Amino acid sequence: RNGEKMASTKIEAIAERYVNELMKVRPEGPYIIGGYSIGGVIAQAMIALIRQRGQEVVLLVLIDTESPDYTGNRLKGRKVFGTTKPFSQPDPGGEAKGAGLPQRIREFLGARWFNYSYYIGATLAAIGIRVPLQLRNPYIMGTYRRAREAYHPGMTEINTVLLRATLNNLDSHDLGWRRFLKGDLHILELDTDHNHIIKEPFIGYIAGQLTGHFRTLNG
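Note that the structure is a prediction, hence the values are computed from the model and not measured.

**Q** Which residues make up the overall build of the chain, and what are the values?
**A** If you tally the helices and strands in the chain, you get 5 helices and 6 strands. Going from the N terminus to the C terminus, the chain shows its helices and strands as α-β-α-β-α-α-β-β-β-β-α. Expressed as a percentage of the 219 residues in the chain, the buried residues total 41%. For the chain, the computed accessible surface area is about 12000 Å², with 53% contributed by carbon and sulfur atoms.

**Q** Tell me about helix H4 (residues 133-150), and name the residues and values.
**A** Here H4 contains 18 residues, and its C-alpha end-to-end distance of 27 Å stays within 8% of the 26 Å for a straight helix at 1.5 Å per residue. Leu135, Arg136, Pro138, Tyr139, Ile140, Gly142, Thr143, Tyr144, Ala147 and Arg148 are the residues of H4 that are buried.

**Q** Go over the packing of aromatic side chains with me, naming the residues and quoting the values.
**A** Aromatic ring pairs: the centre-centre distance and the angle between the two ring planes describe each pair. If you walk through the whole model with that rule in mind, you get 2 aromatic pairs. Seen in terms of ring centroids, Tyr118 and Tyr119 are 5.1 Å apart; in terms of plane orientation they differ by 65 degrees. Their pairing is edge-to-face. Centroid distance Trp177 to Phe180: 6.2 Å. Interplanar angle 75 degrees. Geometry classified as edge-to-face. The burial state of Trp177 is the same as that of Phe180; both residues are buried. Its guanidinium or amino end placed over the ring of Tyr118, Arg146 lies 3.9 Å from that ring's centre, counting from NZ or CZ.

**Q** Which residues make up the side chain of Arg136, and what values do they have?
**A** By the secondary structure assignment, Arg136 is in helix H4. Lacking a salt bridge, the buried Arg136 has Glu4 as its closest oppositely charged neighbour, with an N-O distance of 9.0 Å. A polar atom in the side chain of Arg136 sits 2.8 Å from the backbone oxygen of Val131.

**Q** Can you tell me about the pairing of strand S2 (residues 57-63), naming the residues and giving the values?
**A** Among the 7 residues of S2, 6 are classified as buried, and the element is accordingly described as predominantly covered. Sheet analysis places strand S1 (residues 31-36) next to S2, joined by 6 bridges and oriented parallel. The residue of S2 that forms the bridge with Gly35 is Leu62. Once the chain exits S1 it traverses helix H2 (residues 38-52) before rejoining the sheet at S2, and the crossover so formed is right-handed. Pairing of S2 with strand S4 (residues 160-165), which is carried by 4 bridges, proceeds in the parallel orientation. Counterpart to Ile63 in the pairing with S4 is Leu163.

**Q** Kindly report on H2, identifying the contributing residues and their values.
**A** The end-to-end C-alpha distance of H2, which contains 15 residues, comes to 22 Å, matching closely the 21 Å that a straight helix rising 1.5 Å per residue would cover. If you check which residues of H2 are buried, you get Ile38, Gly40, Val41, Ile42, Ala43, Gln44, Ala45, Met46, Ile47 and Ile50. Against the buried residues of H2 lie helix H1 (11-25), S1, S2, H4, strand S3 (156-157) and strand S5 (181-182). One or two positions beyond H2, positive phi appears at Gly54, with a value near 80 degrees.

**Q** Tell me about the environment of Ile203, and please be specific about residues and values.
**A** Tracing the backbone shows Ile203 in helix H5 (residues 202-217). The residues contacting Ile203, other than those within four sequence positions of it, are Ile197 and Ile198.

**Q** Give me the lowdown on unusual backbone geometry, citing residues and values where you can.
**A** With an omega of 10 degrees, the peptide bond between Gly29 and Pro30 qualifies as cis. Following the sequence through the fold, Pro30 ends up in the loop between H1 and S1. The residue after Glu200, namely Pro201, is reached through a cis peptide bond having omega 5 degrees. Turning to its location among the elements, Pro201 is positioned in the loop between strand S6 (185-190) and H5. With a phi angle near 55 degrees, Ser37 is a residue other than glycine that sits in the positive phi range.

Calculation criteria
- Residues numbered from 1 in each chain as written.
- Predicted model: local features only at pLDDT ≥ 70, side-chain atom pairs only at ≥ 80, totals over all residues.
- Heavy atoms only, no water.
- Helix = DSSP H or I, 4+ residues; strand = E, 2+ residues; numbered from the N terminus.
- Buried < 20%, exposed > 50% of the residue type's maximum accessible area, 1.4 Å probe, protein only.
- Areas by Shrake-Rupley, 256 points an atom, 1.4 Å probe, with all protein chains shown as cover.
- Expected span 1.5 Å × (residues − 1).
- Phe/Tyr/Trp six-rings, centres within 6.5 Å; stacked < 30°, edge-to-face > 60°.
- Lys NZ or Arg CZ within 6 Å of the ring centre and 35° of its normal.
- Lys, Arg positive; Asp, Glu negative; His and termini not counted.
- Salt bridge = Lys/Arg side-chain N within 4 Å of Asp/Glu carboxyl O.
- Polar contact = N/O pair within 3.5 Å; in protein donor to acceptor, adjacent residues only side chain to side chain.
- Pairing = 2+ DSSP bridges.
- Right-handed = clockwise from strand over helix to strand, strands pointing away.
- Contact = heavy atoms within 4.5 Å.

This is how it looks when you write it as structure tokens:
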């Protein structure tokens, strides 16, 4: 972003923009659609739009994506549900380990700063002032967060792979997705947190797992 007001602030509108761009480079399916964090919510919304255009979507990939109405914990901690053995590295690093009081204070202050930064950025954008560089990430992420909270998806019939970080999500194995997805739901647990799941060695492991699913789809 260049600091200007975001053109799309609803999941449905963002998904439509993405579908339009996708079909410019690949006008025909079948498609595998996926996303990380809120990108997974957008990917789920894209499926109905792609199918409305007469194209096929064969797999949805959600990388540590909470469903739109998920209200479970995102505190540091650990609860492995055991249907799939989690992949881990020998030492996940200090950021991925249990939180003591100093870390909780830092997280609280960080969350406060993020919220204030979002409101400042959103106010500037609304009155036509370019959002300063240091406020752009909170403005964009805050806008996406509110879009997610306002989004009410219907049931989607699709086979899904959900990759779940065990060091963040304590309450729900499926992150609230089963009520919105009809089809096979394969949940893979990774012994890391939300930020590290898209970094090595985990992203390499994810790529290997997804390659196996893609080969299955191709027979």
